[in-house]
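Listed below, chain by chain, are the residues.
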Amino acid sequence: MKKRTWRDVFYSATEGVIATFRTERNFRVHVLATFFIVAAAWFFRVSVLDWMMLTLAIGMVLGAELMNTAVEAAVDLVSPDWHPFAKKAKDAAAGAVLIASITAAAIGLIVFWHPVLHWLTTLFG
Ligand SMILES: Nc1ncnc2c1ncn2[C@@H]1O[C@H](COP(=O)(O)OP(=O)(O)OP(=O)(O)O)[C@@H](O)[C@H]1O
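This is a predicted model, so every value here is computed, not measured.

Attention now goes to the UniProt feature "transmembrane region" (unreviewed entry) in the protein. Mapped onto this numbering, the UniProt entry gives "transmembrane region" (unreviewed entry) at residues 27-45, 51-71 and 92-113. The annotated region residues 27-45 carries 89% helix and 0% strand content, and the separation between its end C-alpha atoms amounts to 27 Å. As annotated, residues 51-71 has a helix share of 100% and a strand share of 0%, and its two end C-alpha atoms lie 30 Å apart.

Remark: helix α3 (residues 48-78) packs on helix α4 (residues 84-124), axes separated minimally by 9 Å, with the N-to-C direction vectors making an angle of 165°. Of the possible angle classes, the one that applies to α3 and α4 is roughly antiparallel. Between α3 and α4 the crossing geometry is left-handed. Considering only residue class, the contact of α3 with α4 consists of 19 nonpolar, four polar and five charged.

On to the environment of Ala 74. The residue Ala 74 is located in helix α3 in this model. Residue classification places Ala 74 among the partly exposed positions, given a relative accessible area of 41%.

Applying the stated criterion across every chain yields a total of two salt bridges. Of the charged contacts in the structure, one is a salt bridge between Asp 76 and Lys 90, with a shortest N-O distance of 2.7 Å. Here Asp 76, found in helix α3, pairs with Lys 90, found in helix α4; they are 14 residues apart in sequence, far enough to count as distant. Here Asp 76 falls in the partly exposed class, since its relative accessible area comes to 42%. A salt bridge links Lys 87 to Asp 91; the shortest N-O distance between them is 2.7 Å. Here Lys 87 and its partner Asp 91 are both found in helix α4, four residues apart, which amounts to about one turn of the helix.

This part covers the packing of helix α2 (residues 25-43) against α4. Relative orientation of the contacting elements α2 and α4 amounts to 25°, with a least axis distance of 11 Å. When the axis of α2 is compared with that of α4, the two are roughly parallel. α2 and α4 meet at a crossing whose hand is left-handed. Only Val 97, Ser 101, Phe 112 and Trp 119 of α4 make contact with α2, whose side of the interface consists of His 30, Ile 37, Ala 40, Ala 41 and Phe 43. Grouping the constituent residues of the contact of α2 with α4 by class yields seven nonpolar, two polar and no charged.

What follows covers the site of the ligand. Within the structure, the ligand sits among Glu 24, Asn 26, Asn 68, Glu 72, Ser 79, Asp 81, Trp 82, His 83, Ala 86, Lys 87, Lys 90 and Asp 91. In the model, an oxygen atom of the ligand is placed 3.2 Å from a nitrogen or oxygen of the Asn 68 side chain. Within the side chain of Asp 91, one N or O atom sits 2.5 Å away from an oxygen atom of the ligand. Calculation on the ligand without its partners gives an accessible area of 620 Å², and the protein chains cover 61% of this total. At the level of secondary structure, the elements contributing two or more residues to the shell around the ligand comprise α3 and α4. Of the residues contributing to the shell around the ligand, the split by class is two nonpolar, four polar and six charged.

Thresholds applied
Residues numbered from 1 in each chain as written. Predicted model: local features only at pLDDT ≥ 70, side-chain atom pairs only at ≥ 80, totals over all residues. Heavy atoms only, no water. UniProt positions renumbered as here; feature names shortened; annotations may be inferred. Helix = DSSP H or I, 4+ residues; strand = E, 2+ residues; numbered from the N terminus. Axes fitted to C-alpha atoms, helices over the stretch in contact; angles between N-to-C directions. Parallel < 35°, antiparallel > 145°, perpendicular 65-115°, else oblique. Left-handed = near helix turned anticlockwise from the far one by under 90°. Nonpolar A, V, L, I, M, F, W, Y, C, P; charged D, E, K, R; others polar. Buried < 20%, exposed > 50% of the residue type's maximum accessible area, 1.4 Å probe, protein only. Salt bridge = Lys/Arg side-chain N within 4 Å of Asp/Glu carboxyl O. Contact = heavy atoms within 4.5 Å. Near = heavy atom within 4 Å. Polar contact = N/O pair within 3.5 Å; in protein donor to acceptor, adjacent residues only side chain to side chain. Areas by Shrake-Rupley, 256 points an atom, 1.4 Å probe, with all protein chains shown as cover.

Quick look at the structure:
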């Protein structure tokens, strides 16, 4: 097999992200949420450390979604019929997305709690 260049590797990876965006509703929802988070971080002028935490959280959730899609496709390929191991693999992959999402929500709460409260009190206080 021909040795793949960095360009080939990047192209395949990008194709994976685009295909997941096209086929997985949850991934699209998380991409949309990413736009809102970035807009909010920009609006509230959060610190560099907060930007880093939010970037990590976003990467973690989108990465988990892509891994979940990979597991689902691989399981459907090798086990189209019901199997307890297939269930275990898919449930664990979905669990990874859940844990990543809860962690990201907690980070979002910690980052935005004070700026939003301050903004609301200056608006209505
Ligand atoms: N081959 C299988 N054997 C056993 N259980 C399965 C199998 N396929 C799916 N399941 C069960 O059904 C659940 C949903 O699987 P499915 O492939 O429909 O994912 P999904 O609902 O499309 O997930 P997502 O919304 O993340 O795309 C799995 O978490 C698992 O519990």
